[in-house]
Amino acid sequence: MDDVMKEPKIAEISETLAKQEKEAKEILSEIEQIQSGNFQLDEEQEPKVITDLATMNAKLAYQAVHLERAIEKEKKRAKLSPAPSPDGMVNIVTELTSVFGEAIRKSFPSLASPPVSVTLSQNDKFGDYQCNSAMAIAGALKAQGTKMSPRQIAELIVKNLPNSQLIESHSIAGPGFINIKLSPDFLRQTVADLLVNSVRLQKDGKPLKRVVIDYSAPNIAKEMHVGHLRSTIIGDCLANLFEYLGHDVLRLNHVGDWGTQFGMLIAHLTEMFPNYKEESPPIGDLQAFYKQSKKRFDNDADFKKRAYECVVKLQSHDPDFIKAWNLICDVSRKEFNLIYSRLKIGDLKERGESFYHDMMPKIVEELEKEGIVVKEEGRKLIFPEGSQFPLTVVKSDGGFTYDTSDLACIKQRIHDEKGGILLYVTDSGQASHFQLIYKVAQAVGWYDPKVTRVEHVGFGVVLGEDRKKFKTRSGDTIRLAALLDEGLKRCGDKLVEKGRDKELTPEEMNAAQEAVAYGCIKYADLSHNRINDYVFSFDKMLDDRGNTAAYLLYAYTRIKSIARNAKVCPEELKTAAKQCLESGGVPLEHPRELKVARYLLRFPEILQRVSDDLTPNILCDYLYELATVFTEFYDTCYCIEKDRTSGDIVKIHTHRLLLCDATTAVMDQCFWILGITPVHRM
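This structure is a prediction, so every number in the text was calculated from the model and none was measured. (Residues numbered from 1 in each chain as written. Predicted model: local features only at pLDDT ≥ 70, side-chain atom pairs only at ≥ 80, totals over all residues. Heavy atoms only, no water.)

Between its terminal C-alpha atoms helix 9 (residues 286–299) stretches 20 Å, which fits the 20 Å expected from 14 residues at 1.5 Å a residue. Taken together, the buried positions of helix 9 are occupied by Leu286, Phe289, Tyr290, Ser293 and Phe297. Taken end-on, helix 9 shows its buried residues confined to a sector of 100 degrees, consistent with a single buried face. Among the exposed residues of helix 9, those oriented more than 90 degrees off its buried face are Lys291, Lys295 and Asn299. Residues of helix 9 that are buried in the fold lie against helix 8 (260–272), helix 10 (301–315) and helix 11 (319–342). (Helix = DSSP H or I, 4+ residues; strand = E, 2+ residues; numbered from the N terminus. Expected span 1.5 Å × (residues − 1). Buried < 20%, exposed > 50% of the residue type's maximum accessible area, 1.4 Å probe, protein only. Arc of directions from axis to C-beta. Contact = heavy atoms within 4.5 Å.)

What follows is the structure, given as structure tokens:
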């Protein structure tokens, strides 16, 4: 309930108090008249009237005291009322950091930048959150010559804490840890707001930025393989996250569409299909086409020479060779898009190496003017500060390199695209290369790391169950399309094994099969720390127990079915949520109910951590914990009570159905960010 709704109540109490004060004054006036002899009464009436008036006065005085207290309480309640933010859900860690930061600055004005640390409590029996600043402040004060124990510091911080709608209570433990318990009223009201106004995040006041994310990046004329899976899944998740946070996201696919291999492919194409300009050549199997041309390139010196000549003609934009190049690229794009469509990877804009080709001469010229280019054996090199390994911007034959391309790329993304955040999602093996690129870009003033965030988002390799690099039995790299086919088949078999094909319509069965199969493949990747290698196992990822997409998707459909089984429609829940919002929030009282609410309200701080560290596994862990906490609640607190004999519903706990609804609302957002599609029936 917001401050505006509190005003009528305060006005009503104030009016009653003023009326009673007026009556009390009139009675006192009459008493004074009687005592002064100016008030005329019959002799037999006088003692009784005086006694009655005195009694009434005492009553009114007692009521006045209580009314004054009620007004003060109501004013305080209005001031601290846990009204939902007009923007959305509050980031609790950020809000508590602000509250404790104010108290710390007030307590220790001599400290220029006092440390403020608020974290989630490790043990919820002591509190929900914890302020751990006291010991760090003790060290800072000691450096100034002031000796003060951490516990004394904590006591002073607590003394200077401003009022906050979030905090119900706080206590000091051990050497100076401040335990914080959240206000149940705040939890109740925020859950109601979440239900009525949807899951929204409060704006933190920081400017939104243009976020450029480079991911997937397959090579033209080669099939996408399992190695591209991690970049595609992690990059898409981070793009979804920054888009959800309100940033302007540009998703770029830096495909390998330029270089020597295209001379080889074009030479093979023009010789095998000389009529390619009039008739589209049958090169649907680009993998086989690539192998044929590579074999000729490796074994035929004359062909190799012709391939290099084709590279020169391609780079000089000869129309015939550009047409041949486009034919090859189009076949690859078609195959890539089939994969992206299956995985629901959308809005990925292709911008390959060829896009930057014409920018490279100017980039080299600019770097030479900056005086950082060194000539060595016909090559042009740059030695970034602190590195013994150079970047090669021009080869001895005058050609450009990946280093040149990446330097042109970073400048274009910062200057032309106005990127405020640049993320490169590639395997960890490329980390050192990108660090050199970033150093050069900073050295020549293309960006200031204090203003523009530029990061390499590295990841480990995918391993087979033998803990070796994931390959086929013959030792070949596993094709991504074949991997998705296998996942779809295994998931279908699992659903049939559970008898779902008898319960679901063909359309529902197909939707469930795709959701679980592709969701499990994505989640298995995202739930691991991206830096580490991870073991790819269909058996583990399709297990509906533990931290898997299969478990979470099943949990989601079960929660969705609770209100449906109670025969309560979404409109009824919406009406109930609005009533709760207007009357103080969803009436959560049971400890398990309140625990679910606390987990729901952690959603903004979790997203903050993921965006800071670029680690989607934190969101996966949160989603799994939320589902687990909900299960604990559901096992303890009945949402629907049935007659044990007839099975008829005898009581529906609407506020618990609302908590179910709030849980799936937050799970929906988590699934969307992770790129997973939930289904309502499974």
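Next, the rest of the story.
Glancing now at the packing of aromatic side chains. Evaluation of the coordinates by the stated rule reveals 15 aromatic pairs. Aromatic side chains tyrosine 551 and tyrosine 624 sit 5.8 Å apart centroid to centroid with 70 degrees between the ring planes, which places their arrangement in the edge-to-face category. Taken as a pair, tyrosine 551 in helix 19 (residues 549–565) and tyrosine 624 in helix 23 (residues 617–636) lie far apart in primary sequence, 73 residues in all. Look at tyrosine 551 and you get buried, because its relative accessible area is 13%. Plain terms: the ring middles of phenylalanine 630 and phenylalanine 633 are 5.3 Å apart, the flat faces sit at 65 degrees to each other, and that makes the pair edge-to-face. Here phenylalanine 630 pairs with phenylalanine 633, and both are found in helix 23, just three residues apart, close to one helical turn. (Phe/Tyr/Trp six-rings, centres within 6.5 Å; stacked < 30°, edge-to-face > 60°.)

This part takes up the sheet that holds strand 1 (residues 118–120). The strand order across the open sheet formed by four strands is 1-2-4-3, and the pairing between neighbours is antiparallel. Taken across any chain shown, the strands that pair with only one partner, and hence form the sheet edges, are strand 1 and strand 3 (167–173). The mean angle between the axes of side-by-side strands here comes to 25 degrees, regardless of whether they run parallel or antiparallel. Judged from the three bridges that link them, strand 1 and strand 2 (residues 129–131) form a sheet pairing that is antiparallel. Across the sheet, residue leucine 120 finds its bridge partner in strand 2, namely tyrosine 129. Together, strand 3 and strand 4 (177–182) form the strand contacts of helix 5 (residues 150–159), whose direction differs from that of strand 3 by roughly 165 degrees. (Pairing = 2+ DSSP bridges. Axes fitted to C-alpha atoms, helices over the stretch in contact; angles between N-to-C directions.)

A few words on the nonpolar core. Membership of the largest hydrophobic core comes to 173 residues, with the highest contact counts inside it found for Ile213, Leu229, Ile328, Phe536, Phe603 and Leu619. In terms of nonpolar packing, the next biggest core, distinct from the first, is built from 30 residues, Leu391, Leu407, Tyr424 and Ala441 among them. (Core = buried A, V, L, I, M, F, W, Y, C linked by side-chain atoms within 4.5 Å.)

At a minimum axis separation of 10 Å, helix 6 (residues 184–197) and helix 24 (residues 654–674) run at an interaxial angle of 65 degrees. It follows from the interaxial angle that helix 6 and helix 24 lie roughly perpendicular. Helix 24 is crossed by helix 6, and the crossing has left-handed handedness. Two secondary-structure elements touch here, helix 6 through Val191, Leu194 and Leu195 and helix 24 through Leu658, Leu659, Asp661, Ala662, Ala665 and Val666. When its residues are assigned to classes, the contact of helix 6 with helix 24 shows eight nonpolar, no polar and one charged. (Parallel < 35°, antiparallel > 145°, perpendicular 65-115°, else oblique. Left-handed = near helix turned anticlockwise from the far one by under 90°. Nonpolar A, V, L, I, M, F, W, Y, C, P; charged D, E, K, R; others polar.)

To continue, consider the pairing of strand 4. Looking at chain direction, strand 2 and strand 4 are connected through three bridges and run antiparallel. Following the sheet pairing, glutamine 130 is matched in strand 4 by asparagine 179. Both strand 3 and strand 4 contribute to a ladder of six bridges, which runs antiparallel. What sits directly across from alanine 173, in strand 4, is phenylalanine 177. Where strand 3 folds back onto strand 4 in an antiparallel hairpin, the turn is made up of three residues, including glycine 174, whose phi is positive at roughly 55 degrees.

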